[in-house]
Every structure is written in structure tokens, then in C-alpha cells.
Amino acid sequence: MFMFRSLYLPEIKISRQNKLYIYHWIKRKGKPAPREIAPMLESNHVSYIDPIFFFYEACPTIVTSESHDSMPFLGVIIRAMQVIYMNRFSYQSRKQAVHEIKRKASTNTYPRVLLFPEETTTNGRQLISFQLAAFIPGLPIQPLVIRYRHVHFDQTWGHISLPALMFRMFMQFHNFMEVEYLPVISPSQHHKESPSRFAERTGRAMALALNVAQTYHSFADYALLSKAVEAGQERFWPFMVEMAQVQKVRFLV
């Protein structure tokens, strides 16, 4: 695997740089902490550009869905980056992913681990609920937030095909990207015993930096909304029920 990675990394770096040329400048605020202080990075996820930037910036180990492995061209890059695969619908897969996150983040042999705790892409107008895979290991985390300022075309993900998104981005004279590194959050003993509290603390810090609210929506809401769109529903709000809150209440009953 290490030989496979070394063979493809030069091509990956060139590919990443070419894709980032569509941005005339990338504004950075704050600084990334050393790996020995913060072995894990947490970011909001609003565009397919996000992981490309992080490959270019830090070359981390990324936690991603198993379905991405079969994507043409990108699948090869993903395999070369030695990502941690996770099937969000499989308890056993999530459990194994948590084990791999902790194993790789706990030693300097591997790059730092990057996770998108929302586990899906949003339009950036709010944060949705964080899944706990990133917080169960109980290791220090450096949260960061990404913004895409725009005048004419919003680059954040929505109900638009990837080719259409790319076309609109290349047709703009300027594309803007901002990355803000937030202070490292070291979990207390209470946070280590309660990953949900650790997730809430990290979510509050990121929501404050973005000046947005964090809701109890989850990937389940996104899946339900997508089905409503496919079915031609005109009103979407009945399908946004904040599934994470429903699940939380269910466990309390």
C-alpha cells in the first residue's frame, strides 16, 4: 500500500494544484496546529473542492464513504490517499472506522486524520448535527471552517449536477475561498466519557465562527428531501424533520 501511495502522490499533487487554479487566491485565517498537538481536523463540508484543498494543504488521511471508491479517476486518488472507508448505514462499518481513526490518529506514523462530522455536503447556511465517529476516540481536535464568498454563483453544493457546477465555476472571472483555522479543542475527561458533549462543544465553536445556527438535521433528512425532490413535491418543509432530534428522543424514551 505504501508503494502504491508513493507512485501516485506526484500525480495527485499536480491534479490538486490544477483544480485549485480556478481560485485566484485562497484567504487563510489562523494557523494549523502541529500534528502532535492536534492529530485530528474537523471541517464543515460545502463543496467538492473541500477535500481537494485539504489534499493540497495537509495531505491528511480522510474518512469517506465506501461509494467514493468506485468513482472514475477520483477512486484511484482516494485509494492512494489511504482513506478510512465507512458505510454510514452499517453499524459494524462505523465501529471499524472509529477503531481505524483512533489507531491512525494516535501515532505520528500516519498523517493527521480529517473528518467532515456532518457526513454529507450542505449549502453552508447552517451546520447540521455532528455524527460521533470523530469524537469517540477522545483526541484533541482542531476545527476549521470553509467559506465560498460569491457575487453571481454560489459554489456550495445543492441540487445541481457536478458538470453543471464545474461549468458555472469556470465561467466566473473570480472564485473566492476562505479557510479559517480555529483554536484546538482538547477534550476533558467528561468529554471523553460523553462524545456527544464533545461534539456539541466543537459544533458551537464552528457555528459561532460561521455565524450560523446548528440544527438537528442529519443525512437522513437529506435522503428524505432528495426523495421528495425526485417525487416532484413542491413543498419541502414537511420532509425536514430533524432526524437527529427524533433519534435522540427515541433513545431517551
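This one's a predicted model, so the numbers in the text were calculated from it and none came from an experiment.

Draft legend 1. Local environment of the overall build of the chain. Secondary structure assignment for the chain yields 9 helices and 7 strands. For the chain, the residues scored as buried account for 46% of the 253 residues in total. Across the chain, the fraction of contacts at a sequence separation of at least 24, relative to all contacts at a separation of at least 6, is 73%. A total accessible area of about 14000 Å² is found for the chain, and carbon and sulfur atoms account for 60% of it.

Draft legend 2. Region of interest: the pattern of salt bridges. For the coordinates displayed, the defined rule picks out 7 salt bridges. The residue Glu 119 makes a salt bridge to Arg 94 at a minimum N-O spacing of 2.9 Å. Taken together, the positions of Glu 119 in the loop between β5 (113-115) and β6 (141-147) and Arg 94 in helix α4 (residues 91-105) put the pair 25 residues apart, joining distant regions of the chain. In this structure Glu 119 comes out as buried when scored by relative accessible area, which is 13%. By relative accessible area, Arg 94 is classed as buried at 18%.

Draft legend 3. Quick peek at α4. With 15 residues, α4 should reach 21 Å at 1.5 Å per residue; the first-to-last C-alpha distance of 21 Å fits that figure. Along α4, the residues that are buried comprise Ser 93, Arg 94, Ala 97, Val 98, Glu 100, Ile 101, Lys 104 and Ala 105. One side of α4 carries all its buried residues, which in axial view fall inside an arc of 165°. Exposed residues lying more than 90 degrees from the buried face of α4 are Tyr 91, Gln 92 and Lys 95.

Draft legend 4. Structural view of the nonpolar core. By size, the foremost hydrophobic cluster in this structure holds 25 residues, and its most contacted members are Met 40, Val 63, Ile 101, Val 113, Leu 115 and Phe 135. Listing elements by their share of this core, those giving two or more residues are β4 (84-86), α4, β5, β6 and α7 (195-210). If you look at the next biggest cluster of nonpolar residues, it comprises 22 residues, including Phe 54, Val 83, Ile 146 and Met 169.

Draft legend 5. Quick peek at unusual backbone geometry. Its identity is not glycine, yet Cys 59 carries a phi of approximately 50°, on the positive side. With respect to the helices and strands, the residue Cys 59 is situated in the loop between α2 (49-57) and β3 (61-65). The backbone of Glu 119 sits at a positive phi, close to 60°, despite the residue not being glycine.

Draft legend 6. Geometry of the sheet that holds β6. Strands sit in the order β1-β7-β6-β2-β5-β3-β4 across an open sheet of 7 strands; the sheet is mixed. The sheet is open, and its two borders are formed by β1 (25-29) and β4, each paired with just one other strand. The sheet shows a mean angle of 25° between the axes of neighbouring strands, taken without regard to direction. Both β1 and strand β7 (residues 176-181) contribute to a ladder of 5 bridges, which runs parallel.

Draft legend 7. Fine view of the confidence of the model for the chain. Looking at the chain as a whole, the pLDDT averages 78, with 71% of positions reaching at least 70. This model gives residues 14-19 a pLDDT under 50, and the stretch forms 10 contacts once residues within four places in sequence are excluded. Contacts of residues 249-253 to residues separated by more than four positions or lying in other chains number 0 contacts, the stretch itself having pLDDT below 50.

Analysis parameters
- Residues numbered from 1 in each chain as written.
- Predicted model: local features only at pLDDT ≥ 70, side-chain atom pairs only at ≥ 80, totals over all residues.
- Heavy atoms only, no water.
- Helix = DSSP H or I, 4+ residues; strand = E, 2+ residues; numbered from the N terminus.
- Buried < 20%, exposed > 50% of the residue type's maximum accessible area, 1.4 Å probe, protein only.
- Contact = heavy atoms within 4.5 Å.
- Areas by Shrake-Rupley, 256 points an atom, 1.4 Å probe, with all protein chains shown as cover.
- Salt bridge = Lys/Arg side-chain N within 4 Å of Asp/Glu carboxyl O.
- Expected span 1.5 Å × (residues − 1).
- Arc of directions from axis to C-beta.
- Core = buried A, V, L, I, M, F, W, Y, C linked by side-chain atoms within 4.5 Å.
- Pairing = 2+ DSSP bridges.
- Axes fitted to C-alpha atoms, helices over the stretch in contact; angles between N-to-C directions.
- pLDDT = per-residue confidence, 0-100.

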